[in-house]
Amino acid sequence: MRRISRLSRFNIASLALGLAFLYLPILILVLYSFNASRLVTVWGGWSLRWYHELFNDRAMIEAAWMSLRVAVASATIATLLGTLAAVALSRGERFRGRTLFSGMLYAPLVMPEVITGLSLLLLFVALNAERGFWTVTIAHTTLTMCFVTVVVQSRLGSLDRSLEEAAMDLGCNPVGAFVAVTLPLIAPAIVAGWMLAFTLSLDDLVIASFTTGPGSATLPIRIYSEVRLGVKPEINAICTLVIALIAVVIVIASLASKLSNSQGESAAPL
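Now for a look at the structure at hand. Quick caveat: nothing in here was measured; it's all calculated off a predicted structure. (Residues numbered from 1 in each chain as written. Predicted model: local features only at pLDDT ≥ 70, side-chain atom pairs only at ≥ 80, totals over all residues. Heavy atoms only, no water.)

Moving on: the nonpolar core. Within the largest apolar cluster, 15 residues are counted, with the highest numbers of intra-cluster contacts made by V152, L156, L159, I186 and F198. Broken down by secondary-structure element, the contributors of at least two residues to this core are helix 3 (58–91), helix 6 (133–157) and helix 8 (174–203). Those residues in contact with V152 that lie beyond four places of it in its chain are T83, A86, I186, A189 and I190. Y51, L219, I235 and A237 belong to the second-largest nonpolar core, a separate cluster that totals 9 residues. (Core = buried A, V, L, I, M, F, W, Y, C linked by side-chain atoms within 4.5 Å. Buried < 20%, exposed > 50% of the residue type's maximum accessible area, 1.4 Å probe, protein only. Helix = DSSP H or I, 4+ residues; strand = E, 2+ residues; numbered from the N terminus. Contact = heavy atoms within 4.5 Å.)

This next bit is on helix 6. Under the 1.5 Å per step criterion, the end-to-end length of helix 6 is 35 Å for 25 residues, consistent within 8% with the ideal 36 Å. The largest bend in helix 6 comes to about 35°, at T144. (Expected span 1.5 Å × (residues − 1). Bend = angle between axes of the 7 residues up to and from the residue.)

In a structure, side chains of opposite charge can pair up when their charged atoms sit close to one another. Across all of its chains, the model carries 2 salt bridges by this definition. Close ionic contact of E62 with R58 constitutes a salt bridge, the shortest N to O distance being 2.9 Å. On the criterion of helical spacing, the pair formed by E62 and R58 is a turn pair, its members being 4 residues apart in helix 3. Residue classification places R58 among the exposed residues on the basis of a relative accessible area of 66%. (Salt bridge = Lys/Arg side-chain N within 4 Å of Asp/Glu carboxyl O.)

Right under this line is the structure:
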């Protein structure tokens, strides 16, 4: 079969249109965050005015700080629980209730967020729990844990189990073999799962609106409440900062994955 060495004009045009469709709105948003005009659709020159206004908007800053704390906490808990669930499903023997366990674990993947948020709200009301930081964190952990499980389980399924067996033959117990051999190999998947959980939590609006309480509004809730009255230039500024934060997280996760891969490759012959 003859190998195509270069892209056709149609493929290049399709790729360019696809990238423009995805990233052009983001670039426009970032550009207009430096607009000096109060009208978001009229260019008035370059200015950092709206970043200054943003940092003086206490409500917006508190909402952003709330979202950041919830995202870090829920992503960390979801990564821990999701990794344990993935190990149980991939390395555990066939146990009674495994099908029910996996079905309940993956249910949030296909369940509408409205149903998830309403059910968690009813649970917190039944427990008479005060809604705030921890209720939103628990709700986001419930939402994102299944995504972490899928990512880590797919990585575990592709590993050669003979490496673990060799470690146990050399004197490691199952836990020691997992920590010394398996954990470094699945570290990139764990980092990817944490990053995915972090971004999903930072982006969530529906579930947070059901489980939040007075004084604990997240950034998406705050932005949505203000956008209904009109888009303010400060919203462009806060969205640009969130995009920059996500970009930093992606770079750090990529560097961590490369480091884990290099460590795993150097440790594999041992």
